[in-house]
Amino acid sequence: MSEIVLEGGVPLRGSVGVLGAKNAVLQQMISTLICPGWHRLSNVPDIADVRALMEVMEHLGVRCDLADKELAMVVPERMSVEAPLELVRSMRASILLLGPLLTRFGEAKVPLPGGDDLGARPVDMHLNGLRQMGAELELVHGVLVGRAPRGLEGTEVELPFPSVGATQNLMMAAVMARGDSAIINAAREPEIEDLGVQLEKMGARLSGVGSPIIRIVGTRNLRPAAHRVMSDRIAAGTYAMAGAITGGEVTITGCEPAHLRMELTKLEAAGCEVERGEGWLRVAGPHRPEAVDFATLPYPGFHTDLHPQMVAVLSVATGTSVITENLYDGRFRYVGELARMGADIYTEWQHAIVRGVESLSGCPVMATDIRAGAALVIAGLVADGVTSIGGVEHIDRGYADLVHDLSGLGARIRRQDMNNDDRTRLFGW
Ligand code: EPU
């Protein structure tokens, strides 16, 4: 099995570019289903989740071609409305197929995505919202079978929590529904706004996207569109934190600093110098970070997908930080692996107390999800000796080439097939 192997101790220096956001492109691929024809997305990262969703789309009958960051999709007039279990089982975003398929074809069969490495992750808000729009949904042997023989009806849906996915699913459903819709307590993430822009290019009529109330006037008058995917704020934040922990200076291009307001404020509070420009940001790390408290919240709060990476930074801070995780019950699964490297972190319920240590020491660790993997890489950048990170397939879901990008900044990092002899040589056991 391939692992990421790195030797810590090099301050990162230089410039790294980020591409389109995983959490924007997946939704934008799915939203093309509402309208037949030739759609194009640019700035598309070649990550495992995009490739997996391309397979799902091909199974439905969409022709997909990804080359040189351009994804062309030809959506046919007639297509399958059944998503294949083996392809969508591990992909949460597949629940977003329901809205577009139901609104366009009046039927959909999508296997219910289970819990994952971040915890239970229910989909009740997606289903309740679609039911309010007139869909009949039942779970048959693990597959969500949806019907709306007369199409979906526009209505007002109030979300109990500003769920990113439920907001996106309902936006895509409402765009083609009969009459007007409103999503109250909608998520305000930049990825929602970017989906709104793409839908508008397709002829959808939306207002208030990016605010807590989104209004949509349904129309069947839609056309295919070309859209440039917004930049990946989580990749940008990951590289900022990688630079910060090493005491180096990293410039990140192709990003939107305004999307990272809270995270950059916290990095500044930890002693980093941050410069922001149009489409770029520069982070210079301190000799040693200072402790900072933060709580994850929906946008514009601190993003849960940058929580593990920030804790990696704070694990070597001077002082104690208190972290509160408000989105996922399973987010702290990376803590045991950081502790193996010498981090002093105590968790209870949704809180972590991170007592900064002077140094970490490299050892074999295992990524349990995408962001846990990124956090372990960040920790390895300052650990004494060698760190090897397994579970690389998680990292590949969200980062096109983390190893290449970090080695371009000077990190001693490589990808390697590891066996027991390699481990004995590297770690002495
Ligand atoms: N939730 C419910 N019921 C629902 C929907 C959500 O209880 O019907 C709960 C979730 O369990 C979670 C919270 O609401 O506790 C927020 O979930 P949300 O729906 O906002 O998240 P998502 O749409 O499932 C997307 C990203 C995640 C990111 C979250 C939060 C994609 C494909 N995924 O998930 O990204 O953490 O928004 O910003 O866009 C990642 O990239 O590593 C990742 C996990």
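Refer to the structure presented above.
Note that the structure is a prediction, hence the values are computed from the model and not measured.

Basis of the calculations
Residues numbered from 1 in each chain as written. Predicted model: local features only at pLDDT ≥ 70, side-chain atom pairs only at ≥ 80, totals over all residues. Heavy atoms only, no water. Patch = residues over 30% accessible without salt bridge, like charges linked within 9 Å, V, L, I, M, F, W, Y side chains within 5 Å. Areas by Shrake-Rupley, 256 points an atom, 1.4 Å probe, with all protein chains shown as cover. Salt bridge = Lys/Arg side-chain N within 4 Å of Asp/Glu carboxyl O. Lys, Arg positive; Asp, Glu negative; His and termini not counted. Charge placed at Lys NZ, Arg CZ, Asp CG, Glu CD. Helix = DSSP H or I, 4+ residues; strand = E, 2+ residues; numbered from the N terminus. Buried < 20%, exposed > 50% of the residue type's maximum accessible area, 1.4 Å probe, protein only. Pairing = 2+ DSSP bridges. Contact = heavy atoms within 4.5 Å. Near = heavy atom within 4 Å. Polar contact = N/O pair within 3.5 Å; in protein donor to acceptor, adjacent residues only side chain to side chain. 1 Å grid on protein atoms, 1.4 Å probe; cavity = no way out; pocket = protein on both sides within 12 Å on 5 of 7 lines; lining within 4 Å. Points joined across faces, edges and corners; volume = space filled by probe spheres on them. Axes fitted to C-alpha atoms, helices over the stretch in contact; angles between N-to-C directions. Parallel < 35°, antiparallel > 145°, perpendicular 65-115°, else oblique. Left-handed = near helix turned anticlockwise from the far one by under 90°. Nonpolar A, V, L, I, M, F, W, Y, C, P; charged D, E, K, R; others polar.

A short note on a negative patch on the surface
- A surface patch of like charges, here negative, comprises E55, E58, D65 and E86.
- Structurally, the position occupied by E55 is in helix α2 (residues 48-60).
- By relative accessible area, E55 is classed as partly exposed at 48%.

Brief notes about the pairing of strand β16 (residues 280-284)
- Two strands pair when backbone bridges link them, and strand β14 (residues 249-253) and β16 are joined in this way by five bridges, in the antiparallel orientation. The residue of β16 that forms the bridge with T253 is W280.
- Two elements, strand β15 (residues 273-277) and β16, share five bridges in a ladder whose sense is antiparallel. Paired with R276 across the strands is L281, a residue of β16.
- The hairpin formed by β15 and β16 contains two residues between the paired strands, and G279 there has a positive phi angle of roughly 80 degrees.

A word on the environment of D180
- Assignment of secondary structure puts D180 in strand β10 (residues 180-184).
- As for D180 and E156, which are separated by 24 residues in sequence, their C-alpha atoms are 8.2 Å apart.
- Every residue in contact with D180, bar those within four places of it in the chain, is listed here: G154, T155, I216 and V217.

Digging into the site of the ligand
- Within the structure, the ligand sits among 21 residues, and D124, M125, S163, L327 and Y328 are positioned closest to it.
- Within the side chain of K22, one N or O atom sits 2.9 Å away from an oxygen atom of the ligand.
- Between the ligand and N23, the relevant distance is 3.0 Å, taken from an oxygen atom to a side-chain nitrogen or oxygen of the residue.
- When isolated, the ligand has an accessible area of 840 Å², and the protein chains bury 88% of it.
- Elements supplying a minimum of two residues to the shell around the ligand: α1 (22-31), α5 (124-132), α6 (164-174) and α12 (370-380).

A few points about empty space enclosed by the protein
- Per the counting criterion, the structure on display carries one cavity of 30 Å³ or more.
- Every residue lining the largest cavity is listed: I4, V392, I395, D396, Y399, A400, D401, L402, V403 and R415.
- Per-element accounting of the lining of the largest cavity gives the leading share, three residues, to helix α13 (residues 392-398).

Observations concerning the packing of α1 against helix α7 (residues 190-201)
- Look at α1 against α7: their axes get within 9 Å of each other, and the N-to-C directions meet at 30 degrees. In terms of their interaxial angle, α1 and α7 are classed as roughly parallel. Relative to α7, the crossing made by α1 is right-handed. Contact with α1, carried on its side by N23, A24, Q27, Q28 and S31, involves E191, D194, L195, Q198 and L199 of α7 and no other residues of that element.
- Looking at the contact of α1 with α7 residue by residue, the classes come out as three nonpolar, five polar and two charged.

Points about the layout of surface pockets
- A volume near 280 Å³ is recorded for the second largest pocket.
- Together, 20 residues line the second largest pocket, and L19, P45, A400, D401 and D405 are the ones closest to its centre.
- For the lining of the second largest pocket, the elements supplying multiple residues, two or more each, are α8 (233-246) and α14 (402-408).
- Its residues assigned to classes, the lining of the second largest pocket comprises ten nonpolar, four polar and six charged.

Quick look at the pattern of salt bridges
- Within the structure shown, the criterion is met by 13 salt bridges.
- When the shortest N-O distance is used, the salt bridge between R355 and D344 registers 3.3 Å. Of this pair, R355 sits in strand β20 (residues 351-355) while D344 sits in strand β19 (residues 344-348), placing them eleven residues apart in sequence.
- Taken together, the salt bridges that share partners define one network made up of D305, R331 and D369.

With respect to the environment of R415
- One can find R415 in strand β23 (residues 412-417).
- Sequence spacing of R415 and T253 is 162 residues, and the spatial spacing of their C-alpha atoms is 24 Å.
- In this view, R415 contacts S2, E3, V392, D396 and V403; residues no more than four positions away in its chain are not counted.
- A distance of 3.3 Å separates the side chain of R415 from the side chain of S2, its partner in a polar contact.
- Looking at R415, its side chain comes within polar contact range of the side chain of D396, at 2.8 Å.

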